[in-house]
Amino acid sequence: MQTLENLDNHAKAKLFHQLFKNEIPNIIQYVENIADSLSEDQAKYREAWKGSFFTFDSWLNIAQEIKKSIEKHREELYRNSTAFADNLFDFYNGAFMIQYMNHYITTRKEPNIKLVQAIQLFFDN
């Protein structure tokens, strides 16, 4: 087994899924809600967008790709760590997922402390 430092985001996502399978549906629902919100309230988000690596249009595109993957593979994403990593953590999708997984653990009222620690350990850059 490789050390955590040598794992890419895809491998980390696969391992994360295996360790926290019961949390995956909630995380996916949260990310799907974010993607919906970005699409529905584009004007609001566009106005508030602060420069980053991604333009708002690029980020919106990623959100829409994530949403399509969730709709198409939802049950498989819940069950299968490879499907989870392949569909939600390849290329720029990983940046989106990591952003909102970190957001997910900071907005919950009664977070699972082990989940919080795992997301911070695996994905807090």
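Quick notes on the rules
Residues numbered from 1 in each chain as written. Predicted model: local features only at pLDDT ≥ 70, side-chain atom pairs only at ≥ 80, totals over all residues. Heavy atoms only, no water. Core = buried A, V, L, I, M, F, W, Y, C linked by side-chain atoms within 4.5 Å. Buried < 20%, exposed > 50% of the residue type's maximum accessible area, 1.4 Å probe, protein only. Helix = DSSP H or I, 4+ residues; strand = E, 2+ residues; numbered from the N terminus. Contact = heavy atoms within 4.5 Å. Polar contact = N/O pair within 3.5 Å; in protein donor to acceptor, adjacent residues only side chain to side chain. Patch = residues over 30% accessible without salt bridge, like charges linked within 9 Å, V, L, I, M, F, W, Y side chains within 5 Å. Areas by Shrake-Rupley, 256 points an atom, 1.4 Å probe, with all protein chains shown as cover. Salt bridge = Lys/Arg side-chain N within 4 Å of Asp/Glu carboxyl O.

## Remarks on the nonpolar core
Burial of nonpolar side chains together is a common tendency in soluble globular proteins.
Thought 1: Counting residues in each nonpolar core, the largest one holds 39 residues, and the members touching the most others are Phe16, Leu38, Leu88, Phe89, Phe96 and Phe123.
Thought 2: Contributions of two or more residues to this core are made by helix H1 (9-19), helix H2 (24-40), helix H4 (56-79), helix H5 (81-88), helix H6 (92-107) and helix H7 (113-123).
Thought 3: Not counting residues within four places of it along the chain, the set of residues in contact with Leu38 comprises Tyr45, Phe56, Trp59, Leu60, Ala63, Phe96 and Tyr100.

## Points about H5
Thought 1: In terms of burial, H5 is largely enclosed, as 6 of its 8 residues are buried.
Thought 2: Looking only at H5, the buried set comprises Ser81, Ala83, Phe84, Ala85, Asn87 and Leu88.
Thought 3: Packing partners of the buried residues in H5 comprise H1, H2, H4 and H6.
Thought 4: N-cap assignment for H5: the residue whose side-chain oxygen lies 2.8 Å from the backbone N of Thr82 is Asn80.

## Brief notes about a nonpolar patch on the surface
Thought 1: Residues Phe53, Phe91 and Tyr92 make up a contiguous nonpolar surface patch of about 470 Å² in total accessible area.
Thought 2: Tracing the chain through its elements places Phe53 in the loop between helix H3 (42-48) and H4.

## Brief notes about unusual backbone geometry
Thought 1: Positive phi values are uncommon outside glycine, yet Phe91 reaches one of about 55 degrees.
Thought 2: Along the polypeptide, Phe91 turns up in the loop between H5 and H6.

## Quick notes on the side chain of Asn87
Thought 1: Considering the arrangement of structural elements, one finds Asn87 in helix H5.
Thought 2: The exposure class assigned to Asn87 is buried, which follows from its relative accessible area of 17%.

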